[in-house]
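# Observations on the model geometry
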Amino acid sequence: MSKKPAKTVPFVRNSKRREGAIPLVMVTAYDAPSARAASEADVDLILVGDSVAMVVLGYDDTLQVTIDDMVHHTAAVARAKPNVVIVGDMPWMSFHVSIDESVRNAAKLVKAGAHCVKLEGGLKRIPVIEAILDAEIPVMGHIGLTPQSSNVMGGFRVQGQDVQAALEMIDEAKELEQAGCFALVLEGIPDRLGKAITDSINIPTIGIGAGADTDGQVLVYHDVIGLENRFKPKFVRRYGTAFEDQTLALTKYAQDVRKGAFPGPDEMYPTKDELNEALGLYGKQ
Ligand code: KIV
């Protein structure tokens, strides 16, 4: 039986479907139990995404999380020691002010346990990407619908829909490959453009709402398990009913407490006879 390759950045870098690789599986995770579950499920990469802002911390967009928030969640994921590549997501304003600060922020994620970092943006981010790579930190790019640019884009809108924008995006992908990114997330673009970008570069593409022809797929953990049940973007497939399951469990717990059915005899520490006798006096007072 052939041994599965270790899940490392070079393994991801070499996972091009047209060269026979199996599609890459990436999922977000933000804490130790979700990292354990993702590892048990044998995913290839965990993205500690800035989507934590929306699905865990209750914000309306991803702009509110800081590098310290991302370090906190990356460390929680890493403590579970998942057998995956851990990708630390660089939040808004952690790589926009100066190159030095950006490299230091990328290093914070690595010190917290990430094996590489991801950052959103195209051509104008190349100097920062090169500086982070220079510090021996692998970088995953992210183009298309980049949520950190939602104010510029006028919301969470599908990108690359007209010919010029699509062609520019293909060029952008090539430049990011040239700059040294080991993989690219393609988010919220027409399926045919997802394929064209994937065919145009030699590093793997990981799609979210980018069609079926990318070299891998990524989804948000809470969408996959159905813990996020308020809004379902078109590209999401729910594989579980976690919100309903946990609400049902909590409802049953509350009912049992209220009717005196919890805790039961097996859920208590037994009282020794001598103590039982002594304490019996108290009940009589
Ligand atoms: O933060 C995130 O979850 C992401 C994915 C949508 C790729 O960046």
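Residues numbered from 1 in each chain as written. Predicted model: local features only at pLDDT ≥ 70, side-chain atom pairs only at ≥ 80, totals over all residues. Heavy atoms only, no water.

## Examining the nonpolar core
Ile46, Ile132 and Ile197 are the most contacted members of the largest nonpolar core, which has 52 residues in total. Ranked by the residues each element gives to this core, the list is headed by helix α8 (residues 163–179), at six residues. What Ile197 contacts, discounting residues up to four positions off in sequence, is Met169, Ile170, Ala173, Leu186, Ile189 and Thr205. Phe11, Met140, Phe182 and Val185 belong to the second-largest nonpolar core, a separate cluster that totals 19 residues. (Core = buried A, V, L, I, M, F, W, Y, C linked by side-chain atoms within 4.5 Å. Buried < 20%, exposed > 50% of the residue type's maximum accessible area, 1.4 Å probe, protein only. Helix = DSSP H or I, 4+ residues; strand = E, 2+ residues; numbered from the N terminus. Contact = heavy atoms within 4.5 Å.)

## A few points about the environment of Arg125
Within the secondary structure layout, Arg125 lies in the loop between β4 (116–120) and α6 (126–134). Considered as a pair, Arg125 and Ser15 are 110 residues apart in the sequence and their alpha carbons are 24 Å apart. Here Arg125 is in contact with Phe95, His96, Leu119 and Glu120, once residues within four sequence places are set aside.

## Observations concerning the environment of Leu279
If you trace the backbone, Leu279 turns up in helix α12 (residues 273–284). According to the relative accessible area criterion, Leu279 is partly exposed, its value standing at 43%. Considered as a pair, Leu279 and Val236 are 43 residues apart in the sequence and their alpha carbons are 58 Å apart.

## Digging into the pattern of salt bridges
Tallied over the full model, the rule gives six salt bridges. A salt bridge links Lys7 to Asp42; the nearest nitrogen and oxygen atoms lie 2.5 Å apart. Placement of the pair is Lys7 in the segment before α1 (9–13) and Asp42 in the loop between α2 (32–40) and β2 (45–48), with a sequence separation of 35 residues. Given a relative accessible area of 37%, Asp42 falls into the partly exposed group. For the salt bridge of Arg230 with Glu228, the shortest nitrogen-to-oxygen distance reads 2.6 Å. Take Glu228: its relative accessible area is 11%, and that puts it in the buried class. (Salt bridge = Lys/Arg side-chain N within 4 Å of Asp/Glu carboxyl O.)

## Some words on the domain arrangement of the chain
Looking at the chain, the domain boundaries give domain 1 (9–240) and domain 2 (245–283). The centre of domain 1, based on its C-alpha atoms, is set 47 Å off from the matching centre of domain 2. (Domains from an automatic or database assignment.)

## Concerning the packing of α8 against helix α9 (residues 191–200)
Put simply, α8 and α9 touch, their axes get as near as 9 Å, and they point 30 degrees apart. As for how α8 packs across α9, the hand of that crossing is right-handed. Within the contact between the two elements, α8 uses Ala166, Met169, Ile170, Ala173 and Lys174 and α9 uses Leu193, Ala196, Ile197 and Ser200. Counted by class, the contact of α8 with α9 contains seven nonpolar, one polar and one charged residues. (Axes fitted to C-alpha atoms, helices over the stretch in contact; angles between N-to-C directions. Left-handed = near helix turned anticlockwise from the far one by under 90°. Nonpolar A, V, L, I, M, F, W, Y, C, P; charged D, E, K, R; others polar.)

## Quick notes on the pairing of strand β8 (residues 216–219)
Looking along a regular strand, one sees side chains alternate from face to face of the sheet. In this sheet, β8 lies alongside strand β1 (residues 24–28) in parallel orientation, the contact comprising four bridges. The residue bridging Val25 from the neighbouring strand is Gln217, located in β8. Relative to β8, strand β7 (residues 205–208) is paired through two bridges, and the arrangement is parallel. Opposite Ile206, over in β8, you have Gly216 as the bridge partner. (Pairing = 2+ DSSP bridges.)

## Thoughts on the site of the ligand
The ligand sits among Thr28, Leu47, Gly49, Asp50, Ser51, Asp89, Lys118, His142, Val185, Glu187, Ile208 and Val220. With respect to the ligand, the side chain of Ser51 contributes an N or O atom lying 2.5 Å from an oxygen atom. Contacts to the ligand include Asp89, whose side-chain N or O atom sits 3.3 Å from an oxygen atom. Calculation on the ligand without its partners gives an accessible area of 250 Å², and the protein chains cover 96% of this total. In terms of residue class, the shell around the ligand is made up of four nonpolar, four polar and four charged. (Near = heavy atom within 4 Å. Polar contact = N/O pair within 3.5 Å; in protein donor to acceptor, adjacent residues only side chain to side chain. Areas by Shrake-Rupley, 256 points an atom, 1.4 Å probe, with all protein chains shown as cover.)

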